[in-house]
Amino acid sequence: MNILGISCFFHDAAAALVQDGIVTAAAEEERFSRIKHDTSFQMLAMEFCLRTAKLRGEDLDWVVFYEKPFVKFDRILKSTLQTYPWSFRVFREAMVKWLAEKLWIKGLIRKHVGISAEKILFSSHHLSHAASTFYCSPWSEAAILAVDGVGEWATATYGIGRDRDIELLGELRFPHSLGLLYSVFTAFLGFEVNEGEYKVMGMAPYGTPKYADEVWKLVQLHDDGGFSLDMTYFSYHHSPDKAFNAKFERLFGTPRNPKSHFFTESSGYPAYFGDKPANYHELCRRNQYYADIAASIQLVTEDILLTMVRAIHRKTDLRRLCLAGGVALNSAANGRILRETPFEELYVQPAAGDGGGAIGAALYVYHAVLGHQRKYVMKHAYLGEDHSEADIKAFLDKNGVRYECIEDDDRLIERVVEALLQGKVIGWSKGRFEWGPRALGNRSILADPRRASMKDIVNTKIKFREPYRPFAPSVLVERAAEYYELKDPEHHYPARFMLLVVPVKESKRQVVPAPTHVDGTARLQTVFRDTNPGYYRLIETFDKATGVPVVLNTSFNLKGEPIVNTPAEAFSTFYRSGMDMLVLDHFIVEKS
Ligand SMILES: [Fe+2]
């Protein structure tokens with residue numbers, strides 16, 4: 001049985017193919033269209049899924065859309081009418097966009113997939129989120145929490161998953177939203193909403209949460225674990241382009257200028273910013289304020305989430321939690337859930353945001369609607385497109401690129417480790433690209449984690465990434481507990497997907513300074529031999545040479561671009577950056 005799940009028109013558009021209960025292909029549209037966070041109809045991702053399984057549209061048994069467009073349209077109409085006339089522009093824009101395209105998704109699917117209307121099903125937004133985490137988890141019973149900006153009406157939903165069924169037990173509704181609260185501060189701190197949230201998370205360790213009391217003025221916690229927002233500070237419910245209002249600015253001051261560089265005394269001033277300005281210390285002081293705001297919203301977000309999670313534990317009395325929604329990508333919060341709530345284990349699916357809804361929608365139909373047994377666990381995220389050796393060679397030959405082909409894996413890895421030891425920065429592209437926003441060793445940029453200077457070098461070489469942008473350590477799972485405060489690392493799935501921030505052991509902070517955050521934590525990736533043998537072997541060889549089972553890993557892309565997919569994109573990124581070596585499967589390209 002072939003079920004295609006799709007999500008589009010809101011955040012990340014994506015498609016996922018479930019064949020007899022197993023996810024065989026999944027990808028976000030941005031990897032093909034090269035438009036970051038592409039929300040348009042997921043034509044290219046869908047074609048990739050069909051191509052991978054050698055199927056045609058008419059071979060699909062079902063196509064499932066991840067939400068209910070009419071219910072969502074109803075929410076937009078009702079919420080804008082409540083705030084009319086302030087919301088006139090939102091109302092007008094919604095009418096134009098929704099009536100022109102978004103409402104008629106069924107027709108679009110029929111036209112582009114070529115299947116009949118009765119084979120097209122609709123899930124609901126938070127049910128898709130819930131299904132995307134529970135059915136990918138290894139557990140037959142778990143509590144579930146989905147938290148995001150907003151779906152149709154729900155902004156947070158909890159429930160219980162048991163075997164093939166999911167029961168949703170309660171929800172919070174728009175406009176009271178933890179995801180939107182975080183996004184408001186993302187906008188205040190000068191970043192693009194739906195894109196810059198991880199930058200706020202990266203900035204937070206450079207500040208102290210001095211303004212948490214001010215942030216709490218916007219939020220009222222309820223006894224049942226829910227909360228409400230004081231909407232007199234916000235305008236996202238009636239404005240298409242302003243998230244907060246003058247009252248918010250009276251409390252938090254002037255928003256950060258999006259065009260200004262961000263640096264503080266502790267972040268350092270990277271070489272690529274040019275000469276230090278005359279008012280450097282004044283700018284550091286000003287930026288420190290924004291870092292403190294980032295730390296404050298991060299702390300309040302974590303505390304609200306922990307309150308919700310503890311309440312869910314009281315209500316369900318279960319020991320395992322499956323988390324989903326954009327907020328589940330907040331890996332610092334995930335670390336605190338594990339350390340500070342009674343839940344003993346946590347599962348987060350790598351594409352926890354709206355892209356992941358495509359997988360959830362398809363798996364929900366397979367298990368809950370059609371009643372099929374579960375047989376799948378998402379242990380890795382390598383579900384994207386692969387490129388054959390022949391294609392890579394053809395590309396290199398056609399473009400006259402000088403390369404070396406090393407068929408022997410051990411020799412190839414030794415060459416790469418040698419380069420890492422010389423302080424070189426490597427573009428590493430092998431196998432199928434990753435599902436979700438993180439590079440997990442198939443489309444990664446790698447460097448020696450022992451050199452503190454590597455952070456600045458990598459930032460500079462890969463074109464002016466912000467100095468607070470964190471790098472991740474990829475560590476052999478069996479050795480992770482030596483370096484990181486994480487007991488039984490093999491049990492913690494979020495760490496496989498780089499979705500867990502944990503403290504680095506005091507004694508190891510100086511051993512691996514480059515991927516250790518300023519506050520002594522790291523967003524680690526545990527690497528397993530069975531799910532990525534090539535990457536595992538690379539780290540193992542690095543360990544043999546240095547005694548350190550860790551490499552620095554960051555995503556293979558330039559600032560503002562999606563992570564690379566094809567050999568051509570990998571080469572172009574390598575060429576336009578200061579990377580020293582490019583590995584495309586068995587082919588090595590070096591800059592002379
Ligand atoms: Fe969502």
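Here the structure is a predicted model, which means the values were calculated and not measured. (Residues numbered from 1 in each chain as written. Predicted model: local features only at pLDDT ≥ 70, side-chain atom pairs only at ≥ 80, totals over all residues. Heavy atoms only, no water.)

When helices and strands are tallied, the chain shows 20 helices and 22 strands. Relative to its length of 592 residues, the chain is compact, with a C-alpha radius of gyration of 23 Å against a globular reference of 25 Å. Projected onto its principal axes, the C-alpha positions of the chain cover 65 × 60 × 45 Å. Taking as baseline every contact in the chain between residues at least 6 positions apart, the subset at least 24 positions apart corresponds to 71%. Here the chain has roughly 22,400 Å² of accessible surface; of this, 52% comes from carbon and sulfur atoms. Counting 72 positive and 74 negative side-chain charges, the chain places the averaged centre of each group 3 Å from the other. (Helix = DSSP H or I, 4+ residues; strand = E, 2+ residues; numbered from the N terminus. Rg over C-alpha atoms; globule rule 2.2 N^0.38 Å. Contact = heavy atoms within 4.5 Å. Areas by Shrake-Rupley, 256 points an atom, 1.4 Å probe, with all protein chains shown as cover. Lys, Arg positive; Asp, Glu negative; His and termini not counted. Charge placed at Lys NZ, Arg CZ, Asp CG, Glu CD.)

Along strand β12 (residues 345-348), one buried face is formed by Glu345 and Tyr347 and the opposite face, lined by Leu346 and Val348, is buried too. In this view, the connection linking strand β11 (residues 320-324) to its parallel neighbour β12 by way of helix α12 (residues 331-340) has right-handed handedness. (Buried < 20%, exposed > 50% of the residue type's maximum accessible area, 1.4 Å probe, protein only. Right-handed = clockwise from strand over helix to strand, strands pointing away.)

A few words now on the pattern of salt bridges. Any two side chains of opposite charge can pair, so long as their charged atoms come close to each other. Under the counting rule described, the total for this entry stands at 29 salt bridges. Of the charged contacts in the structure, one is a salt bridge between Asp59 and Arg56, with a shortest N-O distance of 3.3 Å. Residue Arg285 is joined to Glu282 by a salt bridge in which the shortest nitrogen-to-oxygen separation is 3.0 Å. Of this pair, Arg285 and Glu282 both sit in helix α11 (residues 280-316), 3 residues apart, roughly one helical turn. Each of the salt bridges in this network shares a partner with another, and the network as a whole consists of Glu302, Asp303, Arg336 and Glu340. (Salt bridge = Lys/Arg side-chain N within 4 Å of Asp/Glu carboxyl O.)

At the metal site, the iron ion is ligated by His125 (NE2), His129 (NE2), Asp148 (OD) and Asp354 (OD), and these contacts range over 2.1 to 2.3 Å. Each of the 4 donor atoms around the iron ion contributes to a set of angles spanning 88 to 173°, which defines the coordination as irregular. In terms of primary sequence, the donors binding the iron ion are separated according to H-x3-H-x18-D-x205-D. With His125 and His129 both in helix α6 (residues 125-134) and 4 residues apart, the pair spans about one turn of that helix. Judged on exposure class, the residue His125 and its partner His129 are both buried. (Donors = N, O, S within 2.8 Å, 3.2 Å for Na, K, Ca; no water. Tetrahedral: all angles 85-135°; square planar, octahedral: opposite > 155°, others 65-115°.)

Spatially, β3-β2-β1-β4-β5 is the arrangement adopted by the 5 strands of the open sheet, whose pairing is mixed. Bordering the open sheet on either side are β3 (22-28) and β5 (120-122), each of which pairs with just one other strand. Taking each pair of neighbouring strands and ignoring which way they run, the sheet shows an average axis angle of 20°. In terms of strand pairing, strand β1 (residues 2-7) meets strand β2 (residues 14-19) through 6 bridges, oriented antiparallel. In the sheet register, Gly5 faces β2, and the bridge partner there is Ala16. Most of the contacts of helix α2 (residues 43-53) go to β3, to which it runs at about 145°, and overall it touches β1, β2 and β3. (Pairing = 2+ DSSP bridges. Axes fitted to C-alpha atoms, helices over the stretch in contact; angles between N-to-C directions.)

All right, on to a nonpolar patch on the surface then. Together, Met1, Val369 and Leu370 make up an exposed nonpolar region whose accessible area comes to about 220 Å². With respect to the element layout, Leu370 can be found in the loop between α13 (357-369) and α14 (389-398). (Patch = residues over 30% accessible without salt bridge, like charges linked within 9 Å, V, L, I, M, F, W, Y side chains within 5 Å.)

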